[in-house]
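# Structural description and commentary
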Amino acid sequence: QVQLVESGGGLVQAGGSLRLACAASGRTFSTYAMGWFRQAPGKEREFVAAIGRIGGNTYYADSVKGRFTISRDNAKNTVYLQMNSLKPEDTAVYYCAAGLRRWQDAVADVSYDYWGQGTQVTVSS
């Protein structure tokens, strides 16, 4: 069992930056590929980024490629999402997820076993 707690959300102006963190409990963190998803009001939850177990593989949604960076520190049981050049359309609740079983399924939320409670990111224009 893995428990995930996100932090770092907030209100930022367009063009600004935020860094989200997701702290995981348990000693098996390094065995899990991790992902970030987001859900805006009235919209489906969508994939943002994923990272492999040791951080060598990363994958991004086209909408955030070049602006967001996912990373992990297995010694701290934490995965990060650095978000730069934020846009109003990035406004959403951001969730981290763990337990991806197949890398090729990274964009599908049903592929993950564990979820955090989410952190709100609001980008003002």
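In what follows, the accompanying structure is described. (Residues numbered from 1 in each chain as written. Predicted model: local features only at pLDDT ≥ 70, side-chain atom pairs only at ≥ 80, totals over all residues. Heavy atoms only, no water.)

Glancing now at the overall build of the protein chain. Counting its regular elements, the protein chain contains zero helices and 11 strands. The order of α-helices and β-strands along the protein chain, N terminus first, is β-β-β-β-β-β-β-β-β-β-β. Scaling as 2.2 N^0.38, a compact globule of 125 residues should have a C-alpha radius of gyration of about 14 Å, and the protein chain matches this with 13 Å. By principal-axis analysis of the C-alpha atoms, the protein chain measures approximately 40 × 25 × 25 Å. Counting only residues that meet the buried cut, the protein chain has 46% of its 125 residues in that class. For the protein chain, the proportion of contacts with a sequence separation of at least 24, taken over those separated by at least 6, is 58%. For the protein chain, the exposed surface amounts to about 6,500 Å²; the carbon and sulfur share of it is 46%. Distance between charge centroids for the protein chain: 6 Å, based on 13 positive and 10 negative side chains. (Helix = DSSP H or I, 4+ residues; strand = E, 2+ residues; numbered from the N terminus. Rg over C-alpha atoms; globule rule 2.2 N^0.38 Å. Buried < 20%, exposed > 50% of the residue type's maximum accessible area, 1.4 Å probe, protein only. Contact = heavy atoms within 4.5 Å. Areas by Shrake-Rupley, 256 points an atom, 1.4 Å probe, with all protein chains shown as cover. Lys, Arg positive; Asp, Glu negative; His and termini not counted. Charge placed at Lys NZ, Arg CZ, Asp CG, Glu CD.)

Inspection of the secondary structure puts Ser111 in the loop between β9 (92–100) and β10 (114–115). Residues in contact with Ser111, not counting those within four places in the same chain, are Gly99, Leu100, Arg101 and Asp105.

Bringing the pattern of salt bridges into the picture now. Considering all chains together, one arrives at seven salt bridges under this definition. A salt bridge links Asp113 to Arg101; its shortest N-O distance comes to 2.4 Å. In this pair, Asp113 sits in the loop between β9 and β10 while Arg101 sits in the loop between β9 and β10, placing the two residues 12 residues apart along the sequence. Owing to a relative accessible area of 42%, Asp113 belongs among the partly exposed residues under this scheme. A relative accessible area of 55% means that Arg101 is categorised as exposed. Between Arg102 and Asp105 there is a salt bridge; the shortest N-O distance is 2.9 Å. Given a relative accessible area of 46%, Arg102 falls into the partly exposed group. Overall, Asp105 belongs to the partly exposed group, its relative accessible area being 23%. Beyond isolated ion pairs, a larger network of salt bridges with shared partners links Arg38, Glu46, Arg67 and Asp90. (Salt bridge = Lys/Arg side-chain N within 4 Å of Asp/Glu carboxyl O.)

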